[in-house]
Amino acid sequence: MLVLSRKVNEKIVIDGGIVLTVVKIEGGQVRLGVEAPSHVKIFREEIAAKMHEDRRAGALVGV
């Protein structure tokens, strides 16, 4: 895992097309802005895990 330090309004560029911007830092919370091409799907980790779980359950039902 790459760990980077950024301040408010500083950015991280991923693969030339995805930009993460630190929008706000308050207490123990960081707010990020994400700019990405429309074909790139972006989910919070817990949502992605739930979607994966739902797909897996659907595949088991179809067996």
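Numbers given for residues are sequential positions, taken from 1 along each chain in its written order. In view of the model being predicted, local features appear only for residues whose pLDDT reaches at least 70, and side-chain atom pairs are presented and counted only at 80 or more, with totals across whole chains, interfaces and linings using the full set of residues. To obtain the side-chain values, all non-hydrogen atoms of the structure were included, while hydrogens and water were left out.

**Quick look at the sheet that holds strand E2 (residues 18-26)**
Here is the rule: At least two bridges found by DSSP between two strands are what make those strands a pair. A run of H or I in DSSP becomes a helix once it reaches four residues, and a run of E becomes a strand once it reaches two; helices and strands are each numbered from the N terminus. Simply put, an axis is a line fit to the C-alpha atoms, just over the touching stretch for a helix, and the angle between two N-to-C directions goes from 0 to 180 degrees.
The strand order across the open sheet formed by 3 strands is E1-E2-E3, and the pairing between neighbours is antiparallel. The open sheet is flanked by strand E1 (11-14) and strand E3 (29-35), the only strands paired with a single partner. Going across the sheet, the axis of each strand differs from the next one's by a mean of 25°, ignoring polarity. Here E2 runs beside E3; their pairing, made up of 7 bridges, is antiparallel. Residue pairing across strands places Glu-26 opposite Gln-29, the latter belonging to E3.

**Digging into a nonpolar patch on the surface**
Stated formally: Within this analysis, patches are made of residues with over 30% relative accessible area and no salt bridge. Like charges are joined at 9 Å or less; nonpolar side chains (Val, Leu, Ile, Met, Phe, Trp, Tyr) at 5 Å or less. Per-residue and other accessible areas were derived by the Shrake-Rupley procedure at a 1.4 Å probe size, with only the shown protein chains allowed to occlude residues. In the sections that follow, a salt bridge refers to a side-chain nitrogen of Lys or Arg positioned within 4 Å of a carboxyl oxygen of Asp or Glu.
A cluster of nonpolar side chains, contributed by Val-8, Ile-25, Val-30 and Leu-32, occupies part of the molecular surface with about 350 Å² of accessible area. Relative to the helices and strands, Ile-25 is located in strand E2.

**Focus: unusual backbone geometry**
Put simply, the test is: Each residue's exposure class comes from its accessible area (1.4 Å probe, protein chains only) as a fraction of the maximum for that residue type: buried when under 20%, exposed when over 50%, partly exposed otherwise.
Backbone geometry at Asn-9 places phi at a positive 75°, although glycine is not the residue there. Among the structural elements, Asn-9 can be located in the segment before E1. Residue Asn-9 is classed as exposed on the basis of its relative accessible area of 58%.

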